[in-house]
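In case you want the letters, here they are:
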Amino acid sequence: FWVPLIGLFSGLRLNEICQLDLADIQTVEDVACFVVRGDPTGRAAKRLKTTASERLVPIHPMLLQIGLLDYAEEQRSKLAVKLFPELKRTKDGYHSDGISKWFRRFLRSANAEAPLTCFHSFRHCFRDALREGRVPHDIGLALGGWAVNAGQDGAERAYGSGYSTRTLFEGIAAIRYPGLRFDHLLTHSEAS
């Protein structure tokens, strides 16, 4: 249920989602966020694709309305460490293998299987939604964990400390998917 929604509304890669610890959901400057990072213990239990992958991604308002923080609290009450404790790490070091296989079967069963359509398609949808939401390019790069080229005008991007959490939240909140309905997923307090 949660993994595809998080992919759609956050742009996180599949394994980034599947390996999230409950400690990776934090409130930063009064904004609920995913803290995408490698394993702070150094045991390599969490993998990131690139150094740009380490980032702070505010949680989209729709995920909050659907009840993601309630789900996280439910997992905490069970003394879980992972947001999705049922997703076990494989010997290759990925937590996403099972979901990846499930998603391919799901696409097939929904008659949505097509060339180049896979879970990673959510990142393409996310990037398009950033453009449609008129989110500045640099903020989109920061949210998606895309590396910045240090080429022609990239050198100045290496200076400073990045965007405030509030600015990143404004960017993520601009993400919309016209035509997709989520009313049936809203928690009762949000639906009324």
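Structure first, text after, so check above.
Note that the structure is a prediction, hence the values are computed from the model and not measured. (Residues numbered from 1 in each chain as written. Predicted model: local features only at pLDDT ≥ 70, side-chain atom pairs only at ≥ 80, totals over all residues. Heavy atoms only, no water.)

1. Observations regarding the sheet that holds strand E2 (residues 31–36)
Here comes step 1: Read from one edge to the other, the open sheet built from 3 strands follows the order E1-E2-E3, with strand pairing classed as antiparallel. Of all strands in the sheet, those bounded by a partner on one side alone are strand E1 (25–28) and strand E3 (55–58). Averaged over all neighbouring strand pairs, the angle between strand axes comes to 45°, with direction disregarded.
Here comes step 2: The sheet contact formed by E2 and E3 spans 4 bridges and is antiparallel. Bridging across to E3, Val35 finds its partner in Leu56.
Here comes step 3: Docked against the sheet, helix H8 (residues 165–173) engages E1, E2 and E3, running at close to 55° with respect to E3. (Pairing = 2+ DSSP bridges. Helix = DSSP H or I, 4+ residues; strand = E, 2+ residues; numbered from the N terminus. Axes fitted to C-alpha atoms, helices over the stretch in contact; angles between N-to-C directions. Contact = heavy atoms within 4.5 Å.)

2. Concerning unusual backbone geometry
Here comes step 1: Phi angles above zero are rare outside glycine, and Asn111 is one such case at about 55°.
Here comes step 2: With respect to the element layout, Asn111 can be found in the loop between helix H5 (97–109) and helix H6 (121–132).
Here comes step 3: The backbone of Arg134 shows a phi angle near 60°, a positive value even though the residue is not glycine.
Here comes step 4: With respect to the secondary-structure elements, Arg134 resides in the loop between H6 and helix H7 (137–144).
Here comes step 5: The exposure class assigned to Arg134 is exposed, which follows from its relative accessible area of 70%. (Buried < 20%, exposed > 50% of the residue type's maximum accessible area, 1.4 Å probe, protein only.)

3. Considerations on the pairing of E2
Here comes step 1: A large share of E2 lies buried, amounting to 6 of its 6 residues.
Here comes step 2: Of the two faces of E2, both are covered, the one formed by Val31, Cys33 and Val35 as well as the one formed by Ala32, Phe34 and Val36.
Here comes step 3: Two strands pair when backbone bridges link them, and E1 and E2 are joined in this way by 4 bridges, in the antiparallel orientation. Across the sheet, residue Val28 finds its bridge partner in E2, namely Val31.

4. A closer look at the packing of H6 against H7
Helix packing for two helices is described by the angle between their axes and how far apart those axes are.
Here comes step 1: In the contact formed by H6 and H7, the axes pass within 10 Å of each other and the chain directions differ by 155°. In terms of orientation, H6 and H7 fall into the roughly antiparallel class. H6 and H7 meet at a crossing whose hand is right-handed. The residues of H7 that touch H6, namely those facing Arg123, Phe126, Arg127 and Leu130, are His137, Gly140, Leu143 and Gly144. (Parallel < 35°, antiparallel > 145°, perpendicular 65-115°, else oblique. Left-handed = near helix turned anticlockwise from the far one by under 90°.)

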